[in-house]
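What follows is the residue order along each chain.
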Amino acid sequence: MAKVKGTAVQSSLRYVRERFGEDSLTRVIEALPETDRSAFGHGVLASSWYGMDAFLRFMQEAERQLRAQEPDVIRKMGRASCEYGVTGVYKIFFRVGSPEFIISRAARVFSSYYDSGELRIAESGTKRVVAELAGLEGGAPQFCERIYGWMQRTLELAGAKNLRSAHSACVHRGDPACRFEGSWD
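Residues numbered from 1 in each chain as written. Predicted model: local features only at pLDDT ≥ 70, side-chain atom pairs only at ≥ 80, totals over all residues. Heavy atoms only, no water.

S.K.: Before we move on, can you summarise unusual backbone geometry with the specific residues and values?
M.R.: In this model, K127 sits at a positive phi of 60°, which is unusual for a non-glycine residue. Unusually for a residue other than glycine, N162 sits at a positive phi of about 55°. When you line up the elements, N162 lands in the loop between α9 (141-157) and β5 (164-169). (Helix = DSSP H or I, 4+ residues; strand = E, 2+ residues; numbered from the N terminus.)

S.K.: Requested: an account of the packing of aromatic side chains, with residues and values cited.
M.R.: By convention here, two paired aromatic rings are described through the distance between centres and the angle between planes. Counted under the stated rule, the structure contains eight aromatic pairs. Ring geometry for Y15 versus F20: centroids 6.1 Å apart, planes at 85°, classification edge-to-face. The two residues Y15 and F20 agree in class, both being buried. When the ring of F110 is compared with that of Y114, the centres are 4.8 Å apart and the planes differ by 35°; the resulting orientation is tilted. For F110, a relative accessible area of 4% puts it in the buried group. Three or more aromatic residues link up through ring pairs in this structure, and these residues are F110, Y113, Y114 and F143. In this arrangement the basic side chain of R14 is found over the ring face of Y84, its NZ or CZ atom lying 3.7 Å from the centre. Lying over the aromatic face of F20, R19 brings its terminal NZ or CZ to 4.9 Å of the ring centre. (Phe/Tyr/Trp six-rings, centres within 6.5 Å; stacked < 30°, edge-to-face > 60°. Buried < 20%, exposed > 50% of the residue type's maximum accessible area, 1.4 Å probe, protein only. Lys NZ or Arg CZ within 6 Å of the ring centre and 35° of its normal.)

S.K.: Please set out the sheet that holds strand β3 (residues 118-125) residue by residue, giving values where relevant.
M.R.: Within a sheet, neighbouring strands are paired by backbone hydrogen bonds and run either parallel or antiparallel to one another. Pairing is antiparallel across the open sheet formed by four strands, whose spatial order is β3-β4-β6-β5. Strand pairing shows two members of the sheet lacking a second neighbour, β3 and β5, which therefore form its edges. Within the sheet, the average angular offset between the axes of one strand and its neighbour, ignoring direction, is 15°. The sheet contact formed by β3 and strand β4 (residues 128-134) spans seven bridges and is antiparallel. Bridged to G125 within β4 is R128. (Pairing = 2+ DSSP bridges. Axes fitted to C-alpha atoms, helices over the stretch in contact; angles between N-to-C directions.)

S.K.: Could you give me a rundown of the side chain of E132, with the residues and numbers involved?
M.R.: Note on placement: E132 falls in strand β4. A distance of 2.6 Å separates a polar atom in the side chain of E132 from a polar atom in the side chain of R179. Aside from chain neighbours lying at most four places away, what touches E132 is E118, L119, R120, A122, C178 and R179. (Polar contact = N/O pair within 3.5 Å; in protein donor to acceptor, adjacent residues only side chain to side chain. Contact = heavy atoms within 4.5 Å.)

S.K.: Account for the environment of W184, with residues named and values stated.
M.R.: Take W184: it is sitting in the segment after β6 (178-183). Those residues in contact with W184 that lie beyond four places of it in its chain are P99, E100, K127, R128, V129, L155, A160, K161, N162, L163 and R164.

S.K.: Any details on the side chain of S12? Residues and values, ideally.
M.R.: Checked against the element boundaries, S12 lands in helix α1 (residues 6-20). Given a relative accessible area of 0%, S12 falls into the buried group. Separated by 3.1 Å, the side chains of S12 and R146 make a polar contact. Look past the residues within four positions of S12 in its chain and what remains in contact with it is F55, F58, M77 and R146.

Purely geometric numbers; function is a separate question.
Written as structure tokens, this is what we have:
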């Protein structure tokens, strides 16, 4: 089964805690199967790898419990993940790189967080980019939505003004790969 790096899990837990409160995070975790509760409820280590299936169950449960308050909770979780990551080792790239430069590095960043799937830049030009994600083992629509939010915020933080974006194809809608498009002024 596919694995996800602890830093991605931590950012999702952090988002729920900061946006909805500690009680909401506790309720989401308590609704998970015992193995997930023990993995996520006792401190997630940034350098450890966790099962993608457990991560997806967390996102699905967060969406189930919190979407009435925040209809696009998973996309916002992905956006927050990007923001949290920018405060770390990738911060320098955002200071010196254009949106095209930053997103061209997305494939390397993706593979440092997930051990399954390939994110590649299918098209890149002045003020436009198309990324494709294929081969992810055990994905779910929530994962796609999280990546979509992450890519939106990545482009915005890199300087993309008036971003127009779309998740134009998805394996969960029968397409061979997920396709994320962005263009900006």
